[in-house]
Amino acid sequence: MYDIVIIGAGPAGLTAAVYARRANKTVLILDKAGFGGQITFSPKVENYPGFESVSGSELADKMTEQVLSQGAEVEIENALEIKDNGATKVVVTEDGNEYECKSVIIAAGAQHRHLGIDNEERFIGDGISFCAVCDGAFYANKTVALIGGGNSALQEAILLSETSKKVYVIQNLDFLTGEQRLQEILAKRGNVEVILGTVVKAINDTPTFSGITLLKTADGTETELNLDGMFVAIGLVPENEPFKNVADLDQNGYIDADEKCLTKTAGVFVAGDCRQKTVRQVTTATADGAVAAINACRYIDSL
Ligand SMILES: Cc1cc2nc3c(=O)[nH]c(=O)nc-3n(C[C@H](O)[C@H](O)[C@H](O)COP(=O)(O)OP(=O)(O)OC[C@H]3O[C@@H](n4cnc5c(N)ncnc54)[C@H](O)[C@@H]3O)c2cc1C
């Protein structure tokens, strides 16, 4: 039996593991995808204290090294359910394993939101991407669109503009919502064109991805845009359904918790982007990880 099972090896889960190991608790971290979470998609992180500028994957690597050196165990497995047996919990995974523990920290983060239009699923990985860091190189000297106007979208557009021939930034609102500093960098890139007040109406239905149809929301004008690729950065959705027996979800699917990161179930804590909060950043995820782990340790010590 483990003291703590942590679901998710993003910044929140990794920080929770550091605090729990330093309190001498046995820790198992489960992640369905790998180490680091969403921040591995970020080309440059410039707002995490201690690093003037660092790539998201380098930051995640440093966090992971620290956790592994402290003796946390890790399994690449998808957690499907948390069974609450009172003083013990059981985390059930897709591989059929059942991990018994005294406390669980849910740090499952969030996933990329899809546009939800025809042909999108068909072209993911073959014309449509959610990660400029991972796939931007495939579109060197090519024409791409970046859908979205928030911080993540602008960071991705800046990265794409360094290698792609042309980058269209398509935003549904009449203004960009990303930081002013990012907007200023983007405005200086000669190969970037920002199109506001416009949504993607359709993905052209040809055998291969060839472009999109845009709809200007103010007057209903439609235009065709020929593209080699499209990157979608329109926000995130949590994937907390598997945990709703032990944690209340708000109307957007985020987990409700108190300031101790405690859910409605004694011994089940939550940290990071999967939690109801107003700011989803690495700093807030790591802060939650610390709070959740300290309170999980106190809970275990009180058993
Ligand atoms: C492109 C991009 C750029 C960003 N840039 C910045 C930035 O510059 N500065 C900043 O502060 N923040 C940035 N962010 C936001 C930051 O990455 C997140 O706020 C942070 O990663 C949240 O950490 P987390 O641990 O809560 O969740 P996540 O990073 O989402 O990690 C959650 C982990 O849980 C795993 N998981 C989910 N469900 C399960 C399950 N059922 N079983 C097992 N594992 C599961 C996932 O695989 C994932 O690895 C950026 C995000 C993106 C996408």
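The preceding data block contains the structure.
All of these numbers come straight from a predicted model, not from anything done at the bench. (Residues numbered from 1 in each chain as written. Predicted model: local features only at pLDDT ≥ 70, side-chain atom pairs only at ≥ 80, totals over all residues. Heavy atoms only, no water.)

Asker: Explain the site of the ligand residue by residue, including any values.
Answerer: Neighbouring the ligand are 35 residues; Asp31, Gln38, Ala79, Asp273 and Val282 lie closest to it. Glutamine 38 places a polar side-chain atom, nitrogen or oxygen, 2.8 Å from an oxygen atom of the ligand. A total of 1,000 Å² of accessible area belongs to the ligand in isolation, and the protein chains cover 96% of it. The set of elements that each furnish at least two residues to the shell around the ligand consists of α1 (11-22), α5 (151-161) and α7 (282-301). The element that contributes the greatest number of residues to the shell around the ligand is α5, accounting for three residues. Of the residues that constitute the shell around the ligand, the class distribution is 16 nonpolar, 12 polar and seven charged. For the shell around the ligand, the two domains that each supply at least three residues are domain 1 (2-111 + 236-301) and domain 2 (120-232). (Near = heavy atom within 4 Å. Polar contact = N/O pair within 3.5 Å; in protein donor to acceptor, adjacent residues only side chain to side chain. Areas by Shrake-Rupley, 256 points an atom, 1.4 Å probe, with all protein chains shown as cover. Helix = DSSP H or I, 4+ residues; strand = E, 2+ residues; numbered from the N terminus. Nonpolar A, V, L, I, M, F, W, Y, C, P; charged D, E, K, R; others polar. Domains from an automatic or database assignment.)

Asker: I'd like a description of a negative patch on the surface, backed by residues and values.
Answerer: Taken together, Glu73, Glu75, Glu94 and Asp95 make up a surface patch of like negative charges. Among the structural elements, glutamate 73 can be located in strand β3 (residues 73-75). According to the relative accessible area criterion, glutamate 73 is partly exposed, its value standing at 39%. (Patch = residues over 30% accessible without salt bridge, like charges linked within 9 Å, V, L, I, M, F, W, Y side chains within 5 Å. Salt bridge = Lys/Arg side-chain N within 4 Å of Asp/Glu carboxyl O. Lys, Arg positive; Asp, Glu negative; His and termini not counted. Charge placed at Lys NZ, Arg CZ, Asp CG, Glu CD. Buried < 20%, exposed > 50% of the residue type's maximum accessible area, 1.4 Å probe, protein only.)

Asker: Which residues make up the sheet that holds strand β13 (residues 211-216), and what are the values?
Answerer: Across the sheet, three strands lie side by side as β12-β13-β14; this open sheet has antiparallel pairing. Of all the strands in the sheet, the pair left with one neighbour each is β12 (198-203) and β14 (222-226). Ignoring strand direction, the axes of neighbouring strands in this sheet form an average angle of 35°. In terms of strand pairing, β12 meets β13 through five bridges, oriented antiparallel. Paired with valine 199 across the bridge in β13 is leucine 215. (Pairing = 2+ DSSP bridges. Axes fitted to C-alpha atoms, helices over the stretch in contact; angles between N-to-C directions.)

Asker: I'd like to hear about the packing of aromatic side chains, residue by residue, with values.
Answerer: One pass over the full model with this rule turns up five aromatic pairs. Each ring, one from tyrosine 139 and one from phenylalanine 231, has its centre 5.5 Å from the other, and the planes form 80°; the classification is edge-to-face. Of the two residues, tyrosine 139 is situated in the loop between α4 (132-135) and β9 (143-147) and phenylalanine 231 in strand β15 (residues 229-232); the sequence distance between them amounts to 92 residues. When the ring centre of tyrosine 254 is taken as origin, the NZ or CZ atom of arginine 280, which lies over that ring, is 3.7 Å away. (Phe/Tyr/Trp six-rings, centres within 6.5 Å; stacked < 30°, edge-to-face > 60°. Lys NZ or Arg CZ within 6 Å of the ring centre and 35° of its normal.)

Asker: Let's hear about the packing of α5 against helix α6 (residues 180-187): which residues, and what values?
Answerer: For the pair α5 and α6, the least separation of the axes is 10 Å and the interaxial angle reads 30°. Taken together, α5 and α6 sit at an angle that is classed as roughly parallel. Crossing angle aside, the handedness with which α5 passes α6 is left-handed. In this structure, α5 contributes Asn151, Leu154, Gln155, Ala157 and Ile158 to the contact, and α6 contributes Leu182, Gln183, Ile185 and Leu186. (Parallel < 35°, antiparallel > 145°, perpendicular 65-115°, else oblique. Left-handed = near helix turned anticlockwise from the far one by under 90°. Contact = heavy atoms within 4.5 Å.)

Asker: Tell me what's going on with the nonpolar core, and back it up with residues and numbers.
Answerer: Soluble globular proteins tend to pack their nonpolar side chains together in the buried interior. With 33 residues, the main nonpolar core has Ile4, Ile6, Ile29 and Ile105 as its most contacted residues. Considering each element in turn, this core owes the most residues, eight residues, to α7. Residues contacting isoleucine 4, with those up to four places away along its chain left out, are Ala20, Lys25, Thr26, Val27, Leu28, Cys101, Ser103, Ile105, Ala296, Cys297 and Ile300. In terms of nonpolar packing, the next biggest core, distinct from the first, is built from 19 residues, Tyr2, Val5, Tyr99 and Val268 among them. (Core = buried A, V, L, I, M, F, W, Y, C linked by side-chain atoms within 4.5 Å.)

Asker: Lay out the state of the cysteines in plain terms, naming residues and giving numbers.
Answerer: Simply put, disulfide is the name for a covalent bond between the sulfur atoms of two cysteines. Under the counting rule described, the total for this entry stands at zero disulfides. Unpaired in terms of disulfides, cysteine 261 finds its nearest cysteine sulfur in cysteine 274, a separation of 9.5 Å. With no disulfide of its own, cysteine 297 has cysteine 101 as its nearest cysteine by sulfur position, at a separation of 13 Å. (Disulfide = S-S within 2.5 Å.)

Asker: An account of the packing of α1 against helix α2 (residues 56-69) is requested, with residue identities and associated values reported.
Answerer: Following both chains from N to C, one finds α1 and α2 inclined at 30°, their axes separated by 9 Å at the closest point. Taken together, the axis directions place α1 and α2 in an arrangement best described as roughly parallel. Regarding α1 and α2, the two cross each other, and that crossing is left-handed. Contact residues: α1 offers Pro11, Leu14, Ala17 and Val18, while α2 offers Ala60, Met63, Thr64, Gln66 and Val67. Looking at the contact of α1 with α2, its residues break down into seven nonpolar, two polar and no charged.

Asker: Go over α5, please, and point to the residues and values.
Answerer: Looking only at α5, the buried set comprises Ala153, Leu154, Glu156, Ala157, Ile158, Leu160 and Ser161. Lining the buried residues of α5 we find α4, β9, β10 (166-170), α6, β11 (192-195) and β15.

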